[in-house]
Amino acid sequence: MTQLPPEPGVPAHWGRAYTAPDVTVYYDARRCIHFAACVRGLPQVFNPDARPWIQAGAATAVEVAEVVRRCPTGALHYVLRDGPAEQSEPATVDVRENGPNFVRGDLTVSAPGGMVRDTRVALCRCGASSNKPYCDGTHRQIGFQAPGGEKLNRS
Ligand code: SF4
Ligand code: FES
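Calculation notes
- Residues numbered from 1 in each chain as written.
- Chains lettered and ligands numbered in written order.
- Predicted model: local features only at pLDDT ≥ 70, side-chain atom pairs only at ≥ 80, totals over all residues.
- Near = placed C-beta within 6 Å.
- Nonpolar A, V, L, I, M, F, W, Y, C, P; charged D, E, K, R; others polar.
- Pairing = 2+ DSSP bridges.
- Helix = DSSP H or I, 4+ residues; strand = E, 2+ residues; numbered from the N terminus.
- Axes fitted to C-alpha atoms, helices over the stretch in contact; angles between N-to-C directions.
- Domains from an automatic or database assignment.
- Contact = placed C-beta atoms within 7 Å.

S.K.: Looking at this model, I keep getting lost on the site of ligand 1. Mind explaining?
M.R.: In the region of ligand 1, the neighbouring residues are Cys32, Ile33, His34, Phe35, Ala36, Ala37, Cys38, Cys71, Thr73, Ala75 and Leu76. Its residues placed into classes, the shell around ligand 1 shows 9 nonpolar, 2 polar and no charged.

S.K.: Honestly, the sheet that holds strand E6 (residues 101–111) in this entry has me stumped. Any pointers?
M.R.: The pairing of strands in a sheet comes from backbone hydrogen bonds and takes either a parallel or an antiparallel form. The strand order across the open sheet formed by 3 strands is E5-E6-E7, and the pairing between neighbours is antiparallel. Bordering the open sheet on either side are strand E5 (92–95) and strand E7 (114–123), each of which pairs with just one other strand. Averaged over all pairs of adjacent strands, the angle between their axes in this sheet comes to 45°, without regard to strand direction. Examined bridge by bridge, E5 and E6 share 4 bridges and lie antiparallel to one another. When the sheet's bridge partners are listed, Asp94 is paired in E6 with Phe102.

S.K.: What am I meant to see in the domain arrangement of the protein here?
M.R.: Size of an interface: often given as the accessible area lost when the parts come together. Each domain of the protein was delimited in the assignment, giving domain 1 (2–80) and domain 2 (92–137). On a C-alpha basis, the centroid separation for the pair domain 1 and domain 2 is 19 Å. Opposite the 10 residues of domain 1 that make contact, domain 2 presents 11 residues. Partitioning the side of domain 1 that touches domain 2 into residue classes produces 4 nonpolar, 4 polar and 2 charged.

Printed below as a string of structure tokens:
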């Protein structure tokens, strides 16, 4: 298992690569708000106490991909060696109590670095993120309070 910078052809905003023979997991720490859907889903793969913390080969590639898709913020992405690529879901906006808007779908995000395509993002709702338009978890530190909607996503 190796940790590598992004490969050519993979969007730079996907972050660092963690490779196994059948799957590569990409992780952007700036978009991780420690929601832990990954840790709960496959603790042998996503282990904050291990170095590197992602062991992409510790489960089947299909299992890894399924848990990566649970990441509500888009901090995690994957590429399967034998495909298919992640398919976008019907568009949803999941307004989280005291937190961000979790958005899923075939997304084009107008980010400071340019337009990026994505399938999952957490958009800052408190105004205090240092990584806007994405949530970076600062809402917890500032005690942001706002009602949420009915829970939509798997996360
Ligand atoms: S599910 Fe995504 S946001 Fe949550 S801890 Fe894992 S990588 Fe971070
Ligand atoms: S909603 Fe999370 S940092 Fe603003």
